[in-house]
Each structure stands twice: as C-alpha cells, then as structure tokens.
Amino acid sequence: MEHTHIFGGNASRLQSVFAKAARGEHISIVFLGSSITMGYQIEEQHQFTTILTQYFRHTFQNDDISGHNLSAPGMPSLHGLHLAYTELGQYAPDLILIDYAVNDQKNHMFREAYESLLVKCLSLPTHPAVLSFFVRGEKGYTCAPQMAAVCEYYGVPYVNIGTWLDEDIRAGIMRWRDYSYDNCHPGPVGHSYIGRCLTRLLQYVSKLPAAAETGLPAKGFYNNELAHLHFIPSSWEHTAGHHPEPLVINASCCTVFIGYFVGITEDFGTACLSLNGEPYHFMDSYRVHEWEHPVYEVVSLSKEKKMHHISLDMSPDMQKGENEKRFRLICLGIV
C-alpha cells in the first residue's frame, strides 16, 4: 500500500485529536454512512468501525475511546446531513468519518448535499476532525471523484479505498470475492481491508508537519446552502383515521429539504407540496420493491430567496383514494 490514494488535507484538527487521545482524554468517534459502514451481515468484532476504534485505544494506550455508528442501510449523504442537524451534537464528536460513495448519485443535489454535510460537520461546536473515505461497487460505481473534489477544497483528509482496491486486485494482492460476498458489501476480509486503509490514512496524517488550521472558505465549491437550513418543528402525519390540517409555511426561502418514510404496503400514499396555492411537488411513499425507511429530497422553489406560501397535504387524486392513506413526515427545512 502506497500513499497515492491518500489525501492528507489540513491535518491540524486530526493532529489535535491525536494529542487529546495521547493525554488520556475521552475521544468520541462518529461514523456516518450506509450499509457498508453499518456492517451489513457482519459481526461487530469484524467491522472496520471496531478495528478503527481499537486502533485508537491501542495506539494511544487510552481505553476512553467511544465509537458511535449512526449509519443506516440504503442511505445517501442527505441522511447524514439530517443527522448532522439532529443527532451528532449529543455525541460531542472529536472525529467524524463519512462514507456514502456508493449510495449517492452523480447529480447536483447529491454533490451539494455531500458538501453541506462536510461543512455542517466542520462547523459543529466540538470542532471535530472530519475524514472521508470512498469505496466502490463490483462494477466500479462510486461518487469518489465528486466527493474528493469537495474534500480537497475544504482540506478534509480522505482515502480512496476503491482505487486502492483496484490496484491490489490488478496486482493479485486481493480478489473481489475475498473482499465482498456480493457486488458491494464487504465481508470480514473486506472490512479488515477498509480498516487497514483507514489506519494508514491516520498514520500518514500523524507524520505530516504540524499544520495551522485554516477557516472554511467564504464561497462554496458547488453550493453549500444546505449547511444553513432552518427546520420547521412538525410531527405531521396523515393516516386513514387521522386527517390533519395541511402543514402551512409562509417564509422567505428558495429551497425545501424534506424527509419522509416510505414503505412496501399499499396504504402508503402520496403527499403534495404546494407552492403559492398550486401543486408543485409530489412525494410517493409507496415503494413496493424496497423496505420501510427514510427518504430525503431537496426541492428548489426559486433561484433567489423570496416569500413563498408552502403547504403540505395528501395528493388531491381522489380516484386513488390518497386521502385514506398514510404519509409520515420526518422533517421539513428551508433555506
């Protein structure tokens, strides 16, 4: 393994974590990602999250290291962004590791969501170090290029595990069937491989010259507006037996960030986001080939911030009986 797949970035925050761990102080590590980071069908002792946590404990002779895995299957960086607003603070993270390379898509919404996730994490009150890593699927799918560009812009260290794996497969060091038991998810050998790549990143950064921290750039790389969301408190939920009044918002904004649950039974219905009294965006929560899980969407309302009248209610399609179905809102944010 060489360092051609590692970007050290601005090492100051991570070096501060090393120093804190060496003093025997408590270190909180948070993992954000999808099923790979969650450890899908892998026992905890084999997961790379465990490997990394143990690396800190052994390297710094410090048992006061806690790991918090907030990953969930099938989730993109939009999910991590929501967690950055709602859950990360309670873990007081010193270090945040971010996945999502095989779950994001190659379009502007996901590029901007990933960038905003990095900015939001870097802006947390605990001033955490942020690392990212990029894996790939068997056929090569990854969002590593667009993610690496953002990391380099903000000085966030990363390791491109997908390209490292490609190189080792070509050299006969690793086989895909050893790394993964399907077309994406690593098995025990794969998790060990990811763990080695991540510890090599940590070792590389530890040997870099001491760095002075730089502030966040004044301008975003793509567009980091989602790092400045204002969430509207709401528990809006529609069921066959409960028909709440529409959720109504009057606000100066240009974008809506919305999360809701989808499910596999036909009683999951379609909600409508109306803009200034007219139907604007429909959200179908019935997904026959999936499972019950959160979905997040970014809806553009206008190019510039201006006053909008926004409302959320069930779809007016009476022929499909949408008003007798269910729809559960997770969050609604505006910017």
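Keep in mind it's a predicted model, so treat the numbers as computed, not measured. (Residues numbered from 1 in each chain as written. Predicted model: local features only at pLDDT ≥ 70, side-chain atom pairs only at ≥ 80, totals over all residues. Heavy atoms only, no water.)

Mind showing me how you'd approach the nonpolar core here?
One recurring pattern in soluble globular proteins: nonpolar side chains tend to sit buried together. If you look at the biggest cluster of nonpolar residues, it comprises 41 residues, and the most contacted ones within it are Leu32, Leu88, Ile96, Ile98, Cys121 and Phe134. For this core, the secondary structure elements donating two or more residues are β2 (27-32), α4 (77-86), β4 (95-98), α5 (108-122), β5 (129-134) and α6 (144-154). Those residues in contact with cysteine 121 that sit more than four places away from it in its chain are Leu32, Ala84, Leu88, Ile96, Ile98, Pro128 and Val130. (Core = buried A, V, L, I, M, F, W, Y, C linked by side-chain atoms within 4.5 Å. Buried < 20%, exposed > 50% of the residue type's maximum accessible area, 1.4 Å probe, protein only. Helix = DSSP H or I, 4+ residues; strand = E, 2+ residues; numbered from the N terminus. Contact = heavy atoms within 4.5 Å.)

Would you mind showing me how to read unusual backbone geometry here?
Glycine aside, residues mostly have negative phi, and peptide bonds are mostly found in the trans state. Notably, alanine 92 is not glycine yet its phi reads approximately 40°, a positive angle. Locating alanine 92 in the fold gives a position in the loop between α4 and β4. Notably, histidine 127 is not glycine yet its phi reads approximately 55°, a positive angle.

I'm lost on α6 in this one. Help?
Side chains of residues three or four places apart in an α-helix project in the same direction, reflecting 3.6 residues per turn. Those residues of α6 lying buried are Ala144, Gln146, Met147, Ala148, Val150, Cys151 and Tyr154. In the core, the buried residues of α6 are packed alongside β1 (6-7), α5, β5 and β6 (158-160). Remark: glycine 155 follows α6 within two positions and exhibits a positive phi of approximately 70°.

Just to check I follow, could you spell out the pattern of salt bridges for this structure?
Where charged atoms from two side chains of opposite charge approach closely, those side chains can pair. In this structure the tally under the stated criterion is 8 salt bridges. The salt bridge partner of arginine 136 is aspartate 166, with a shortest N-O separation of 2.5 Å. Remark: aspartate 166 occurs in helix α7 (residues 161-170) and arginine 136 occurs in the loop between β5 and α6; sequence separation between them is 30 residues. Here glutamate 290 makes a salt bridge to arginine 287, at a shortest N to O gap of 3.8 Å. (Salt bridge = Lys/Arg side-chain N within 4 Å of Asp/Glu carboxyl O.)

When you look at the sheet that holds β4 in this model, what are you seeing that I'm missing?
Reading across from one edge, β1-β6-β5-β4-β2-β3 is the order of the 6 strands in this open sheet, with mixed pairing throughout. Each of the sheet's edge strands pairs with one partner strand only, and the pair in question is β1 and β3 (65-69). Bridge count between β2 and β3: 5 bridges; the pairing is parallel. Pairing of isoleucine 29 across the sheet is with glycine 67, part of β3. (Pairing = 2+ DSSP bridges.)

Explain the packing of aromatic side chains here, please?
Given two aromatic rings, their pairing is described by the distance between the two centres and the angle made by the two planes. One pass over the full model with this rule turns up 18 aromatic pairs. Note on phenylalanine 221 and tyrosine 222: the rings are 4.8 Å apart at their centroids and 80° apart in plane angle, and the pair reads as edge-to-face. The exposure class assigned to phenylalanine 221 is partly exposed, which follows from its relative accessible area of 35%. Looking at tyrosine 222, the relative accessible area reads 32%, which means it is partly exposed. An aromatic cluster is defined as three or more aromatic residues linked by ring pairs; in this entry it consists of Phe18, Tyr55, Phe56 and Phe60. Over the ring of tyrosine 222 we find arginine 111; its NZ or CZ atom is 5.4 Å from the centre of that ring. (Phe/Tyr/Trp six-rings, centres within 6.5 Å; stacked < 30°, edge-to-face > 60°. Lys NZ or Arg CZ within 6 Å of the ring centre and 35° of its normal.)

It is not clear to me how the pairing of β5 should be interpreted in this structure. Could you clarify?
Counting buried positions over the 6 residues of β5 gives 6, a clear majority of the element. Residues of β5 alternate between two faces, with Ala129, Leu131 and Phe133 on one and Val130, Ser132 and Phe134 on the opposite face, all of them buried. Sheet analysis places β4 next to β5, joined by 4 bridges and oriented parallel. Paired with leucine 95 across the bridge in β5 is alanine 129. With α5 bridging β4 and its parallel neighbour β5, the resulting β-α-β unit is right-handed. For the crossover from β5 across α6 to β6, the handedness is right-handed. (Right-handed = clockwise from strand over helix to strand, strands pointing away.)

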